[in-house]
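A closer look at the structure
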Amino acid sequence: MMQMDSSLAASTQASLDLSAPSKVQSISVRNWIAQCVELCKPDNLYWCDGSSQQRQELYDRAVNEGVLIRLNQQKLPNCYLHRSNPNDVARTEQLTFICTPSEDMVGPTNNWMETKAAYARLRGLFDGCMSGRTMYVVPFVMGPIGCPLAKVGVQLTDSIYVALSMNIMTRMGDVAWEALGKSDEFTHCLHSLGDVNPERRYICHFPLDNTIWSFGSGYGGNALLGKKSMALRIASFLGYQQGWMAEHMLLLGALAPNGEKTYVSAAFPSASGKTNFAMMTPPEKYVREGWKITTVGDDIVWMWVDHESGRLRAVNPEAGYFGVLPGTNEQTNPTAMRIMAHDTIYTNVALLPDGDVWWEGKTEAPPANCIDWTGQPWTPDCGRKAAHPNSRFTAPTANNPALDPAANDPAGVPVSAIVFGGRRTRIIPLVYQAFNWNHGVYVGATLSSETTAAATGQVGVVRRDPMAMLPFIGYNIRDYLVHWFRMRKRMKDCPRIFHVNWFRRDDQGQFLWPGFGENMRVLKWIIDRCHGRAYAVETTLGWMPRARDIDLEGLNINVDQLEAIQTVENNSVKLELLSQEELFLKLAGDLPKEMVFQRELLISRL
Ligand code: GTP
Ligand code: SPV
Ligand code: MN
């Protein structure tokens, strides 16, 4: 760790005015910034205050620097396009590390670096990396202001795109200095683009130091350090220590025609439907009846047990959406289309001749020509994609016309159901309910999904992704699973746990279930189960609706087809059990006994 005081830093960087604004009251944060300046040697410091005036100044600057392209302001007010380096378009899990004194702390599913070795290696990279550049000081709060779990972070970055994105994704600016006050409790986030070279790219987490050092990437989860790095990896470790949970989940509110409000959270792996489910527009029939779905969050929840009620409550720590664009359109997600109509940064999409944007699936017919995400001329017959498969929009939650009224409530909302879901072409049925909490934890722990473009590497490979948290658990998965099992004992009335799969296909490769807004029909059954209403039959996997228990009215699917989507073959379950062994073997002697018992119970039901 760096152990220099601020006066030394100031003397070596004589030309740079280090004096922090008086609103920065924490001596600890002032010293840390001075140390990072000393290391990175920027030419300038820019203190981000979160004001709209400064935001405009930064957008103008980013346009002048060529980092952003101003889009058609009539069509898309305050919207900009960013093109990232083609080698830097997704999270890089193989370059992401948890750094602790001992390897056992990070377990078999994380990349490990020894703390001192990691600091030494990264200090070499950060040394002088910002010379000729501006260091942006980005103070931010994760969690609603006033929430007991809310946390301050400060990110130092040489990327203006990252600074502007953090302004959208978090509660950024003076509000964070106020929340921090004189305290020394903040997450130290140091970030540099470096030379954006995968050979020199490291995303390192030091949970014991409340510190994140990220070098060599400007992309999403690698660079917006409040998100995956702090609100999941660091926070999951804190939650384990303090008895709460940080999860890769959406959180939605479902308002029934009779005024009953049910909150449901759901963990689906990256690019597997969280944003879409969280912003779902129900089928017409449901809207007419008076159903309304509202969004609390689309990617991360923090959950704790409320002492008075004994129930699980949750908040969304973020203040923005960083959502997948391909496949998003007026039919699949009209709410998202409203959200990104203004004050939005588009990353790695195609630019149309009139300054609008396009991506695969935005419209049925592609544009006659455009500039693709790499800046090259594009026509429909050129054989390339116009937008990157992991292209995204960054937009504030305040843009959401269906934002839940309690989205910013520091007291959070009560969670009635937790849904796990994977992207599985075969075998896994549309929906089932776990028998109880412990069975539900097993269902979540053995969650499997086909890989997507959200992380670099092969796409479409089935992998185990426990709780959709494989890349985001900031400590040993053994302790993480034990934590899940133990949480039940803290609750008087725990959420019901479910499993869904919107992605099952037929032999022709067609989706068997229409998905998107039609998922309301499955959600309705889930909600009814939570309130002790809907019917279910006991099966090998868990409680399942009979075909007639899912409302199919107005849908082009009959009861026989639904039965096909729900079919579970014993032989397929056996294959699933065998493929779970990969995870079980990784954990080997550290496997929580509940996992073994649950597997044995499943085998006994075959
Ligand atoms: P991250 O932001 O990476 O965590 O992704 P996410 O889980 O929020 O996924 P998102 O909702 O953005 O969906 C990813 C892709 O899956 C998009 O291309 C969607 O169009 C598609 N998708 C989402 N929901 C459904 C569904 O119900 N059915 C089908 N067939 N596709 C879906
Ligand atoms: C994910 O990959 O799960 C995301 C996008 O939500 S990123 O912020 O890049 O991690
Ligand atoms: Mn995500």
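To start, this report covers the structure provided alongside it.

Points about the pairing of strand β14 (residues 261-267)
The two faces of the sheet receive side chains in turn, since in a regular strand these alternate between them. Across the seven residues that make up β14, a large majority, six, are buried. Between the antiparallel neighbours strand β13 (residues 250-255) and β14 lie five residues, among them Gly-259 with a positive phi of about 90 degrees. As defined by bridge partners, β14 adjoins strand β26 (residues 417-421) across four bridges and the pair is classed as parallel. In the strand pairing of β26, Ala-267 is matched with Phe-420.

Topic: the site of ligand 2
Neighbouring ligand 2 are the residues Arg-91, Gly-220, Gly-221, Lys-227, Lys-228, His-248, Ser-270, Asp-299, Phe-322, Arg-392, Ala-454 and Phe-472. The separation between an oxygen atom of ligand 2 and a polar side-chain atom of His-248 is 3.2 Å. For ligand 2, the accessible surface in isolation is 290 Å², of which the surrounding protein chains cover 98%. When contributions to the shell around ligand 2 are tallied by element, the ones reaching two or more residues are α7 (220-223) and α8 (226-242). Considered class by class, the residues forming the shell around ligand 2 number three nonpolar, four polar and five charged.

Looking at the side chain of Thr-170
One can find Thr-170 in the loop between α5 (160-169) and β8 (171-172). For Thr-170, a relative accessible area of 4% puts it in the buried group. At a separation of 2.7 Å, a polar atom in the side chain of Thr-170 contacts the main-chain carbonyl oxygen of Met-166. With residues up to four places along the chain from it excluded, the contact list for Thr-170 reads Phe-140, Val-141, Met-142 and Ala-319.

Comments concerning the environment of Gly-253
Mapped onto the elements, Gly-253 comes out in strand β13. The spatial distance from the C-alpha of Gly-253 to the C-alpha of Leu-403 is 9.3 Å, given a sequence separation of 150 residues. Sequence-distant contacts of Gly-253, defined by excluding residues within four places in its chain, comprise Lys-261, Thr-262, Tyr-263, Lys-292, Ile-293, Thr-294 and Asp-404.

Some details on the coordination of the manganese ion (ligand 3)
Distances from the manganese ion (ligand 3) to its protein donors, Lys-228 (NZ), His-248 (NE2) and Asp-299 (OD), fall at 2.1 to 2.5 Å. Each of the six donor atoms around the manganese ion (ligand 3) contributes to a set of angles spanning 64 to 172 degrees, which defines the coordination as irregular.

Points about the packing of aromatic side chains
Centre distance and the angle of the planes are the two values used to describe a pair of aromatic rings. Tallied over the full model, the rule gives 26 aromatic pairs. Ring geometry for Tyr-475 against Tyr-480: centres 6.2 Å apart, planes inclined by 70 degrees, an arrangement best described as edge-to-face. Here Tyr-475 and Tyr-480 have matching classes, each one buried. In this arrangement the basic side chain of Arg-423 is found over the ring face of Phe-503, its NZ or CZ atom lying 4.2 Å from the centre. One Lys or Arg, Arg-505, reaches over the ring of Phe-511 and ends 4.1 Å from the middle of that ring.

Considering the nonpolar core
Counting residues in each nonpolar core, the largest one holds 92 residues, and the members touching the most others are Trp-302, Met-303, Ile-418, Phe-420, Trp-437, Met-467 and Trp-484. Counting residues per element, this core draws most heavily on α5, at eight residues. What Met-303 contacts, discounting residues up to four positions off in sequence, is Trp-244, Met-245, Glu-247, Met-249, Ser-265, Leu-312, Arg-313, Ala-314, Val-415 and Ile-418. Among the nonpolar cores identified, the runner-up in size contains 40 residues, and Leu-16, Trp-32, Ile-33 and Met-130 belong to it.

Topic: α8
Helix length check: α8 (17 residues) gives 20 Å between terminal C-alpha atoms against 24 Å at 1.5 Å per residue, more than 12% under. The element α8 is largely enclosed, with a buried count of 14 among its 17 residues. Of the residues flanking the end of α8, it is Gly-243, one or two places downstream, whose phi is positive at about 85 degrees.

Regarding the environment of Val-154
Following the sequence through the fold, Val-154 ends up in strand β7 (residues 151-157). Val-154 gets classed as buried once you look at its relative accessible area, which sits at 0%. On a C-alpha basis, the gap between Val-154 and Leu-523 in space is 38 Å, while along the polypeptide they are 369 residues apart. Apart from the residues within four sequence positions on either side, Val-154 is in contact with Val-29, Trp-32, Val-137, Val-138, Pro-139, Phe-140, Trp-177, Phe-186, Thr-187, His-188 and Cys-189.

Parameters and conventions
- Residues numbered from 1 in each chain as written.
- Chains lettered and ligands numbered in written order.
- Predicted model: local features only at pLDDT ≥ 70, side-chain atom pairs only at ≥ 80, totals over all residues.
- Heavy atoms only, no water.
- Buried < 20%, exposed > 50% of the residue type's maximum accessible area, 1.4 Å probe, protein only.
- Helix = DSSP H or I, 4+ residues; strand = E, 2+ residues; numbered from the N terminus.
- Pairing = 2+ DSSP bridges.
- Near = heavy atom within 4 Å.
- Polar contact = N/O pair within 3.5 Å; in protein donor to acceptor, adjacent residues only side chain to side chain.
- Areas by Shrake-Rupley, 256 points an atom, 1.4 Å probe, with all protein chains shown as cover.
- Nonpolar A, V, L, I, M, F, W, Y, C, P; charged D, E, K, R; others polar.
- Contact = heavy atoms within 4.5 Å.
- Donors = N, O, S within 2.8 Å, 3.2 Å for Na, K, Ca; no water.
- Tetrahedral: all angles 85-135°; square planar, octahedral: opposite > 155°, others 65-115°.
- Phe/Tyr/Trp six-rings, centres within 6.5 Å; stacked < 30°, edge-to-face > 60°.
- Lys NZ or Arg CZ within 6 Å of the ring centre and 35° of its normal.
- Core = buried A, V, L, I, M, F, W, Y, C linked by side-chain atoms within 4.5 Å.
- Expected span 1.5 Å × (residues − 1).

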